[in-house]
Amino acid sequence: MTILQNDKHYMQLALIEARKGEGRTSPNPCVGAVIVKDGRIISKGYHKRAGTPHAEVNAINKAAESLVGSTIYVTLEPCNHTGKTPPCSQSIVENGITRVVVGMTDPNPLVDGSGIAFLRENKIEVVTGVLRDECEEIIRPFIKHITHGIPWVTMKGGISLDGKINYLKGESGWITGKQSLNEVHKIRDRVDAILIGSETVRIDNPSLTTRIQSFKGKDPIRVVIDTHLSLPLSSLIFHIESEAPTWVFCSVDAPEEKMAALRERGVVVTIVSSSPGGVDLKQVMVALGKADVCSVLVEGGARLHGSFLKEKLYDSACLFFAPLFAGDDGVSLVTGYRVHGRSSATRLTDVRYKRLGDDMMVAGRFQYAE
């Protein structure tokens, strides 16, 4: 298995292809492919939507010349089983491709090395692990869902320098600027679901839709935690015209007549067990995972963020800091969560920073203290 000089370059191009499918392929991963022959790129492709041809097949079908003797670069191991589409490994063999460069092995138990093994059995050279970390990064939600059955969960917050999400408890108050808002909508476009608590609905009355100026975004599923179904039926979230549904999770003691009224409006109501702080969030995650939701963006409020932290349910964070101080009357990003010192503090790793006008986005993965 020899990695050639240009293998990383072509895999970078395959990653660019893969990202074109972000937010559209769930519960499948986003995957990109590039075909090279005699030092020339002759075709590219990406997986566009679950149930449609995979990246390799799209690239093969787009090629305008013979693929005999070519190399295909693919960010994820080609599948070797028949699901909603035929196996990609078979198409690679049938079209005379002689070398396959793979970013990472597929963690799906239905694949998990079998695609690579099939290709090698058919005398095709296979190189693995090229830009593995980058290939893994773009499909973390898929990896978690396929291995643990629950979604990848991201904390989102727009906060002041003194850690507040508004200026006065119980009242809405915009903290960050327009460029941060636009970035949030781009994130919404890439996730399967947005989740908020009932208090956030009561204060902000949000629509939780995706609004991007440069292109038509995809609305994620709107998920509300409303333990006792106390929200008024007039809440905007129950009257959105969108291809994405609204789901509500409540406890077993929520009034049945309210459940019926919500269901009449097309809202999906799911009952889960209660916990000391409301509903059992782990059960919520399991229910979302069973519904093939691979990624969830939690937009608040503060008590909900605290509950997710206590249960160690967060995988990553995307926080937007504005250069202002909101003062003592504002609400902190997290409430109901305590640590006893630096050694027990939850922290972010692999931290990234992005300037958005005067704001700063801080993103990273959660690392919980033992």
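Relevant structure appears above.
Notes on the structure in this doc start here.

Our next topic: the overall build of the chain. Secondary structure summary: the chain contains 11 helices and 16 strands in total. Its C-alpha atoms give the chain a radius of gyration of 23 Å, near enough to 21 Å, the size a compact globule of 370 residues would have. In terms of overall dimensions, the chain has C-alpha extents of about 65 × 45 × 45 Å along its principal axes. When each of the 370 residues of the chain is scored for burial, the buried share is 51%. Sequence-distant contacts, at least 24 apart, represent 71% of the contacts inside the chain between residues at least 6 apart.

This paragraph deals with the sheet that holds strand 15 (residues 347-356). Overall, mixed pairing links the nine strands, which are arranged 10-9-8-7-13-6-14-16-15 in an open sheet. The two strands at the open ends of the sheet, each matched to only one other strand, are strand 10 (268-271) and strand 15. Strand-to-strand twist across the sheet, computed as the mean angle between neighbouring axes with direction ignored, equals 20 degrees. Where strand 14 (residues 316-321) meets strand 16 (residues 359-367), six bridges bridge the pair, whose relative direction is antiparallel. Pairing of Leu319 across the sheet is with Val362, part of strand 16. In this fold helix 10 (residues 281-290) packs onto strand 6 (152-159), strand 7 (193-197), strand 8 (221-225), strand 9 (246-250) and strand 13 (295-300), with an angle of close to 145 degrees to the strand it touches most, strand 9.

The subject of this paragraph is the pairing of strand 7. Within strand 7, five of the five residues are buried, which leaves the element mostly enclosed by the surrounding structure. Here strand 7 shows two buried faces, one formed by Ala193, Leu195 and Gly197 and the other by Ile194 and Ile196. Regarding topology, helix 8 (residues 198-204) serves as the crossover connection from strand 7 to the parallel strand 8, and that connection is right-handed. Where strand 7 lies against strand 13, four bridges are found, and the strand directions are parallel. Bridge pairing in strand 13 links Ile194 to Leu297.

Moving on, we come to a nonpolar patch on the surface. A contiguous nonpolar surface patch, about 290 Å² in accessible area, is contributed by Val351, Tyr353 and Met360. Mapping Met360 onto the fold places it in strand 16. You can call Met360 partly exposed: its relative accessible area is 32%.

The subject of this paragraph is the pairing of strand 1 (residues 32-37). Judged by how many residues are buried, strand 1 sits mostly within the fold: six of six residues are covered. Here strand 1 shows two buried faces, one formed by Gly32, Val34 and Val36 and the other by Ala33, Ile35 and Lys37. For strand 1 and strand 2 (residues 40-46), the ladder comprises six bridges, and the chain directions are antiparallel. Pairing of Val36 across the sheet is with Ile41, part of strand 2. Taking the residues between adjacent antiparallel strands as the criterion, strand 1 and strand 2 are bridged by two residues, where Asp38 takes a positive phi near 55 degrees. Bridge count for strand 1 against strand 3 (residues 71-76) is four bridges, and the pairing is antiparallel. By the bridge assignment, Ala33 is partnered in strand 3 with Val74.

With 40 residues, the main nonpolar core has Met11, Ile92, Val100 and Ile139 as its most contacted residues. Breaking this core down by element, the ones donating at least two residues are helix 1 (7-19), strand 1, helix 2 (55-62), strand 3, strand 4 (99-104), helix 4 (114-121), strand 5 (125-128) and helix 6 (140-148). Looking at which element gives the most residues to this core, the answer is helix 1, with six residues. Dropping the residues within four chain positions of it, Ile92 is found in contact with Glu56, Ile60, Ile72, Pro78, Ile97, Val100, Leu119 and Ile124. Counting 30 residues, the second-largest nonpolar core is a separate cluster that includes Leu195, Val272, Val296 and Leu313.

So, about unusual backbone geometry. A cis amide bond links Ser26 with the next residue in sequence, Pro27, at an omega value of 5 degrees. With respect to the helices and strands, the residue Pro27 is situated in the loop between helix 1 and strand 1. In the segment running from Gly300 into Gly301, the intervening peptide bond is cis, with an omega of 10 degrees. Within the chain, Lys123 stands out as a residue other than glycine whose phi angle is a positive 65 degrees. By secondary structure assignment, the location of Lys123 is in the loop between helix 4 and strand 5.

A word on the environment of Val74. Position of Val74 among the secondary structure elements: in strand 3. Take Val74: its relative accessible area is 0%, and that puts it in the buried class. Taking the C-alpha atoms as reference points, Val74 and Ala322, 248 residues apart in sequence, are found 39 Å from one another. If near-sequence neighbours (up to four positions away) are discounted, Val74 is found in contact with Met11, Val31, Gly32, Ala33, Glu56, Val100, Val101, Val102 and Gly103.

Calculation rules
Residues numbered from 1 in each chain as written. Predicted model: local features only at pLDDT ≥ 70, side-chain atom pairs only at ≥ 80, totals over all residues. Heavy atoms only, no water. Helix = DSSP H or I, 4+ residues; strand = E, 2+ residues; numbered from the N terminus. Rg over C-alpha atoms; globule rule 2.2 N^0.38 Å. Buried < 20%, exposed > 50% of the residue type's maximum accessible area, 1.4 Å probe, protein only. Contact = heavy atoms within 4.5 Å. Pairing = 2+ DSSP bridges. Axes fitted to C-alpha atoms, helices over the stretch in contact; angles between N-to-C directions. Right-handed = clockwise from strand over helix to strand, strands pointing away. Patch = residues over 30% accessible without salt bridge, like charges linked within 9 Å, V, L, I, M, F, W, Y side chains within 5 Å. Areas by Shrake-Rupley, 256 points an atom, 1.4 Å probe, with all protein chains shown as cover. Salt bridge = Lys/Arg side-chain N within 4 Å of Asp/Glu carboxyl O. Core = buried A, V, L, I, M, F, W, Y, C linked by side-chain atoms within 4.5 Å.

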